[in-house]
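Overview (structure and organization)
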Amino acid sequence: MNSNPLITFLVSVTLTVTAQAADPLRVLNWSDYIDEDLLLSFTNSTGIDLDYQTFEDEEEFISAFFDAEKPWDVIVPSDNLLAFLISKNALQPLRKDRINFYDQLDPRIMAQLATKDPENPYAVPYMWGTTGLGINWTAAQALGVTRRNYHDWSVVFDDTLRSQFTDCGIAAVNEPDEIFAAALRYTGFSINTTQKTELATASELVKKLASDVRYFHSGRYTEDLANGNICLVIGYSGDIMGAAYEADDQDIDYFVPSQGSSIWFDVLAIPANSANVEGAHAFIDYLSTPEVAAANTNYNAYPNPILSSAQWVEHSILNNPGVYPTTHTIALLEGFAVQDKRTRRLKKKYWVYANCGAGAYCEVPISLYGYF
Ligand code: N2P
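Only a predicted model underlies this, so the values are computations on that prediction, with no experimental measurement involved.

1. A short note on the overall build of the protein
Regarding its fold elements, the protein presents 17 helices and twelve strands. Reported as C-alpha extents along the three principal axes, the dimensions of the protein are approximately 75 × 50 × 45 Å. Put simply, the protein has 372 residues, and 53% of those count as buried. Summarising the internal contacts of the protein: among those between residues at least 6 apart in sequence, 73% fall at separations of at least 24. Surface exposure of the protein reaches about 16200 Å², of which carbon and sulfur atoms provide 52%.

2. A few points about the pattern of salt bridges
Two side chains carrying opposite charge are able to pair once their charged atoms lie near each other. For the structure shown, the criterion picks out 13 salt bridges. Arg 162 is the partner of Asp 159 in a salt bridge, and the nearest nitrogen-oxygen pair spans 3.0 Å. One end of the pair, Asp 159, and the other, Arg 162, are both in helix H8 (residues 159-163), three residues apart, so they sit about a helical turn from each other. Note on Asp 159: relative accessible area 35%, which makes it partly exposed.

3. Regarding the sheet that holds strand E2 (residues 50-55)
Taken in spatial order, the three strands make up an open sheet running E2-E1-E3, and their pairing is parallel. With one partner strand each, in any of the chains shown, E2 and strand E3 (74-75) form the two edges of the open sheet. Note that strand E1 (residues 25-30) and E2 share six bridges and pair parallel. Its bridge partner lying in E2, Asn 29 is registered against Thr 54. On top of the sheet, helix H13 (residues 277-287) reaches E1, E2 and E3; it is set at about 40° to E1, its chief contact.

4. Some remarks on the site of the ligand
Neighbouring the ligand are the residues Trp 30, Ser 31, Asp 32, Tyr 33, Tyr 236, Asp 239, Trp 264, Asp 266 and Tyr 302. One of the backbone N or O atoms of Ser 31 is found 2.8 Å from a nitrogen atom in the ligand. Note that a nitrogen atom of the ligand is positioned 2.8 Å from one of the side-chain N or O atoms of Asp 239. For the ligand, the protein covers 97% of the area, taking 260 Å² as the surface of the free molecule.

5. What to know about the confidence of the model for the protein
Mean pLDDT for the protein: 92, with 91% of residues reaching 70 or above. Across residues 5-20, where pLDDT falls below 50, the model places three contacts with residues more than four positions away in sequence or in other chains.

6. Digging into the domain arrangement of the protein
Along its sequence, the protein is carved into domain 1 (25-128 + 265-325) and domain 2 (130-263 + 332-371). The C-alpha centroid of domain 2 is placed 25 Å from the C-alpha centroid of domain 1. Tallying the contact residues gives 31 residues for domain 1 and 27 residues for domain 2. Here domain 1 meets domain 2 over a buried area of about 2400 Å², counting both sides, of which 55% is carbon and sulfur. A per-residue breakdown of the area domain 1 buries against domain 2 is headed by Glu 59, Asn 80 and Tyr 302, which together make up 22% of the total. Our count for the domain 1 to domain 2 interface comes out at one salt bridge. Lys 348 is the partner of Glu 59 in a salt bridge, and the nearest nitrogen-oxygen pair spans 2.8 Å.

7. Structural notes on the pairing of E1
Residues in a regular strand project their side chains so that they alternate between the two faces of the sheet. With six of six residues buried, E1 lies mostly within the body of the structure. For the crossover from E1 across helix H2 (residues 36-46) to E2, the handedness is right-handed. Pairing of E1 with E3 involves two bridges; the strand directions are parallel. Along E3, the bridge assignment pairs Leu 28 with Ile 75.

What counts and how
- Starting afresh in each chain, residues are numbered from 1 along the sequence in its written order.
- Where totals are concerned, whole chains, interfaces and linings use all residues; where local detail is concerned, this predicted model gives features only for residues with pLDDT of at least 70, and gives and counts side-chain atom pairs only at 80 or more.
- Working from all heavy atoms in the structure, the side-chain values ignore hydrogens and water.
- A helix here means a DSSP run of H or I that spans at least four residues, while a strand means a run of E at least two residues long, and both kinds are numbered starting from the N terminus.
- With a 1.4 Å probe rolled over the protein chains alone, any residue whose accessible area is under 20% of its type maximum counts as buried; one over 50% counts as exposed, and the rest are partly exposed.
- Contacts between residues were defined by any pair of non-hydrogen atoms, one from each residue, lying within 4.5 Å.
- Surface accessibility in these figures is a Shrake-Rupley result with a 1.4 Å probe; residues are shielded only by whichever protein chains are displayed.
- Counted as salt bridges are all cases of a side-chain nitrogen of Lys or Arg within 4 Å of a carboxyl oxygen of Asp or Glu.
- The pairing criterion for strands is at least two bridges between them, as found by DSSP.
- All axes are obtained by fitting lines to C-alpha atoms, using only the stretch in contact for helices, and the reported angles, taken between N-to-C directions, cover 0 to 180 degrees.
- Near residues are defined by distance, with any heavy atom within 4 Å of the molecule or strand qualifying the residue.
- Throughout this description, a polar contact denotes any pair of N or O atoms lying within 3.5 Å of each other; where both atoms belong to protein, one of them has to be capable of donating a hydrogen while the other can accept it, and for residues adjacent in sequence the pair is counted only when both atoms sit in side chains.
- Confidence of the prediction at every residue is given by pLDDT, a number between 0 and 100.
- Where a domain begins and ends is set by an automatic assignment or by a domain database.
- The quantity reported as buried area is the accessible area (1.4 Å probe) lost by two parts once they are put together, taken as the sum for both.
- For the handedness criterion, the strands are oriented away from the viewer, and a crossover whose path from the first strand over the helix to the second runs clockwise is classed as right-handed.

In structure tokens form, the structure reads like this:
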């Protein structure tokens, strides 16, 4: 060990200065939602270190965001959360001149986001997708399920059809809004209904589903579907397509059910209390560069909003209707509208009731920073 006091002093000064100069940029994103090579190239090209952390679902995001000991610099909330964060004064306006390819953002997506963020000051889209059904036919057939060309929500909401898959395993994302959206569309209602009777009807379906699912979790099913630990999932397009790409020896399908489903958009935003606003803009700028956005799409199987990135997206991804829905499918999709608190609470109440009935989840609704 070096015991020279002068050297010890110099080493400690150097460490202190280095630590101060290199506070990493704190990024909070959904799990399994970025090509991690891009994180390394961002640091290599800008010299900005990252403290990159992930969450699984919207409630976990709210806790990670509001309970954080240190402020986040870039966050990736869903469009569903955007209006709530704006209402809490939790975001700061973006400096659009710092995002070089701002004019390449798909105007249709910007218009959809403007319903939550009027005139788009606070957010740019990151990636988007649909919620639908994934089936691992190889695993299901091995357990005696006959392969049929299912194309609608009855696979999960009709008791007889669903029961074929229970032995093999059914999973669903842990997102009450998504599960209610599925049940509402199956029953012929809008995903944005505020009618108590319609929500009550949907909640009976959710309750029966809850008694048969192995778990509600938004990150575990990709691997489980790929290796046949589950056969049926209500999940996100890119994560299910990811399972299909990962396990090319398994026959895995993804489809948007014919009664319709949700389309959602996750966004990049900078919290009002970010400690590194410059770095945050540099990160958003980097991810919005066409080649980078395309690399991310190639990795994630989720479309990105940068129009000129298409030339770098692999043809197999670009032509995959599970990733880029056809015009016919797009007509079946509904975006989430800004939700009033009464409806949100009601859904939460029904969600607890559905899960509690299945003996799995009986937590009393909490306010969660005013979200419920
Ligand atoms: C990626 C999660 C997709 C985000 N693993 C759903 N909004």
